[in-house]
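# Descriptive structure summary
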Amino acid sequence: KMAGVPVIRGEHLRAGRISTDWDDFYFVDPDFSAQFPKTILGLHDVVMSVRGTVGTAAIVDDAHVGSQISPNLIRLVANPQRILPSLLFFAVQSAVSHIRKTIVNAQALPAINAGDLKMVEISLPRLDDQPAMLKRLEAATHAAEEAARALRKATQIKSKLLSDLLSGRVRVPA
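The text that follows walks through the structure, step by step, so that each part is easy to find. On a predicted model such as this, the values are computed, not experimentally measured, just so you know.

### Let's talk about the sheet that holds strand β7 (residues 68–69)
The strand order β4-β1-β7 describes an open sheet built from three strands, whose pairing is mixed. Edge strands, defined here as strands with exactly one partner in the open sheet, are β4 (26–28) and β7. Bridging between strand β1 (residues 5–8) and β7 involves two bridges; their strand directions are parallel. In the strand pairing of β7, Ile8 is matched with Ile69.

### Here's the deal with the pairing of strand β5 (residues 46–49)
Taking every second residue as pointing to the same face, both faces of β5 are buried, with Val46 and Met48 on one and Val47 and Ser49 on the other. By the bridge criterion, three bridges tie β5 to strand β6 (residues 57–59) in an arrangement that is antiparallel. The residue bridging Val47 from the neighbouring strand is Ala58, located in β6. Looking at chain direction, β5 and strand β8 (residues 73–76) are connected through four bridges and run antiparallel. In the sheet register, Met48 faces β8, and the bridge partner there is Ile74.

### Section: helix α4 (residues 130–167)
The end-to-end C-alpha distance of α4, which contains 38 residues, comes to 55 Å, matching closely the 56 Å that a straight helix rising 1.5 Å per residue would cover. Among the residues of α4, Gln130, Leu134 and Asp164 are the ones counted as buried.

Cut-offs applied
- Residues numbered from 1 in each chain as written.
- Predicted model: local features only at pLDDT ≥ 70, side-chain atom pairs only at ≥ 80, totals over all residues.
- Heavy atoms only, no water.
- Pairing = 2+ DSSP bridges.
- Helix = DSSP H or I, 4+ residues; strand = E, 2+ residues; numbered from the N terminus.
- Buried < 20%, exposed > 50% of the residue type's maximum accessible area, 1.4 Å probe, protein only.
- Expected span 1.5 Å × (residues − 1).

Below is the structure:
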């Protein structure tokens, strides 16, 4: 890591994770960061974009604890008496399409504010049912990621084959 506190920006959020390509981060002085305690990330917080690509979200892992978020992001913290911290990410993901359709301000740069977000209702299962739900959601997410990787690989193979066939490097017998 570079010196200082890393600042998470919207472009660092991809597929539910935050980038660890530290060369792509800005860093701020720890004393400056400390002036904004509500923007300092804790383990399993959810970070969501509120301007531009509204609704892009990621869950905070060990590598990003103590990082700062940019003004284009919002930090969501689970109330462990109501929802498992890791399940909050999935709850936010399920609400994103509703947020985009009904709340996002119609302007040149799509945006949502914290007050509007507080109005979004998310149905929560009983706390004792949540561990099993989380396990299933994580398994489904893993399966979807594996399928996406396989599709990307098949697409690359198809593209290479087409290139070889169309260039004449590979000939098809008549």
